[in-house]
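# Residue-level structure breakdown
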Amino acid sequence: MEGPSINNFTEEINSSPTMNQLYIEEPAVLMITRLTIEVTLAFMGLIGNVLVSFIISKQRKFRSGLKLFIRNLAFADIGILAISFPIAVVKEQLPFYWPFGRVVCLYFYPLAEVFHGVSVWSITAIAIERYRKITTIKGARNSAYISTKSLKWGLFAIWLISFLVVSLPLLFVMNFEEDSTGIYCTVAWSHSMHSIYIISLAIFWYLLPLVVIVFTYVKISREIQQSNEFHKTSIRRQSRWRNLQHSHNTRFTVEAKRIRQNSKAKKILTPIVLVFTISMLPLNVLRVLLLFWGEIAIKKHFLLIYNVCVIGVVINSAADPLIYSIVSKDFRSELKEITSQFTQTLWNLIKLRKDDNNIASGSNTGITLERQVSRQRPDEHIETAILVTRV
């Protein structure tokens, strides 16, 4: 989950000699500690998002519109953590040297930016889909059909719009330079174009999604509260007659299940919204400040603020699997099953390797004994020959 990318944000830092000098002179202990934290979070988030994608792809019961949007979010976060974040770290540590070549700079680098838009709008789509599922009054079959049909266009629209808004403009302004001072991959555009792009990203990839998410979250909360009150009232009324009619017992079970589903939906959505809002706020605020107050880049504590923004971006992309494992019982069950299977497979491989080593060791022992016997036998023949000769 991410707003405007940290890769383009790094361009603003690398464009300032004062900032480059300040960053290069960062104490080694602080730099190692910071990078260790960032890389650890990114690695854990990468593994977690891979597990989310695998679990949802493997289990048929997870194949709903909501779960597939979650998988789309996991794919985007994998791209951010595996591609965009490493490039950002390299540009951060090597501001005067681009090690990936011309093609990656001009084409692959801007195309990788699409993951940021997909991540943000996947969260928005999750909120919209959750709102639609809770507020729908149609049957389950028709609801599932609508989800499947709209899902295809929804996923396609998320990727297409993300490419058009984030990646496509960068394809026309990327610049690769190689001279005596270094190798550079920069964005060559005017201040006005840069300002329009940054403001557009701040609005389209943070403010607008946040408005949609907050609106749907408020509506979902109200619907859940009203629904729970209705179902609780219905349960109290029907519980008086559940021993008289079987249909009332069935209805009692349905109402109780509906309450649990509503509570589960809110538990999943609440931490995702909070993490997105809090972790992405510093980066978006700082980018806008740089446009209208450029002197902030030479302030004493600017580097500290920037590093906090980077850590926030990593947390934003790495936190979702942890959220799922905490609030989703189904996800925890699947995760335990996968962990158990992996552990058993690993143990079997270790055991098999030990058996192979034992067999090899036994074979070597047999060969050694055979060689010892073969060494003794010639001596015996010699001694026998001597005796015979003596006789």
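Residues numbered from 1 in each chain as written. Predicted model: local features only at pLDDT ≥ 70, side-chain atom pairs only at ≥ 80, totals over all residues. Heavy atoms only, no water.

Quick look at the packing of helix H3 (residues 28–58) against helix H10 (residues 302–327) now. Following both chains from N to C, one finds H3 and H10 inclined at 30°, their axes separated by 8 Å at the closest point. In terms of orientation, H3 and H10 fall into the roughly parallel class. Here H3 runs over H10; the crossing is left-handed. Each of Arg-34, Glu-38, Leu-41, Ala-42, Gly-45, Gly-48, Asn-49 and Val-52 in H3 lies in contact with H10, whose residues at this interface are Asn-307, Val-310, Ile-311, Val-314, Ile-315, Ser-317, Ala-318, Pro-321 and Tyr-324. Of the residues contributing to the contact of H3 with H10, the split by class is ten nonpolar, five polar and two charged. (Axes fitted to C-alpha atoms, helices over the stretch in contact; angles between N-to-C directions. Helix = DSSP H or I, 4+ residues; strand = E, 2+ residues; numbered from the N terminus. Parallel < 35°, antiparallel > 145°, perpendicular 65-115°, else oblique. Left-handed = near helix turned anticlockwise from the far one by under 90°. Contact = heavy atoms within 4.5 Å. Nonpolar A, V, L, I, M, F, W, Y, C, P; charged D, E, K, R; others polar.)

Mapped onto the elements, Ala-202 comes out in helix H8 (residues 191–239). On the basis of relative accessible area, Ala-202 is assigned to the buried category, the value being 9%. Ala-202 sits 81 residues away from Leu-283 along the chain, and the two C-alpha atoms are 9.5 Å apart. (Buried < 20%, exposed > 50% of the residue type's maximum accessible area, 1.4 Å probe, protein only.)

Within the largest apolar cluster, 74 residues are counted, with the highest numbers of intra-cluster contacts made by Trp-98, Met-174 and Phe-276. The greatest single-element share of this core, amounting to twelve residues, is contributed by helix H4 (residues 65–93). When neighbours within four sequence positions are excluded, Trp-98 is seen to be in contact with Ile-87, Lys-91, Val-104, Cys-105, Tyr-109, Phe-176, Ile-183, Tyr-184 and Cys-185. (Core = buried A, V, L, I, M, F, W, Y, C linked by side-chain atoms within 4.5 Å.)

Another point: helix H5 (residues 101–111). Turning to H5, its buried residues are Cys-105, Leu-106, Tyr-109 and Pro-110. All buried residues of H5 project into a common sector of 115° when viewed along the axis, lining one side. (Arc of directions from axis to C-beta.)

The end-to-end C-alpha separation of H10 is 36 Å, in line with the 38 Å expected for 26 residues at 1.5 Å each. Taking the largest bend as the criterion, H10 deviates by roughly 40°, centred on Ala-319, and proline Pro-321 comes between one and four positions later. (Expected span 1.5 Å × (residues − 1). Bend = angle between axes of the 7 residues up to and from the residue.)

Turning to the environment of Lys-152, a few remarks are in order. Relative to the helices and strands, Lys-152 is located in helix H7 (residues 140–171). Assessed through its relative accessible area of 62%, Lys-152 is described here as exposed. Along the backbone, Lys-152 and Gly-65 are 87 residues apart, and their C-alpha atoms lie at a distance of 9.4 Å.

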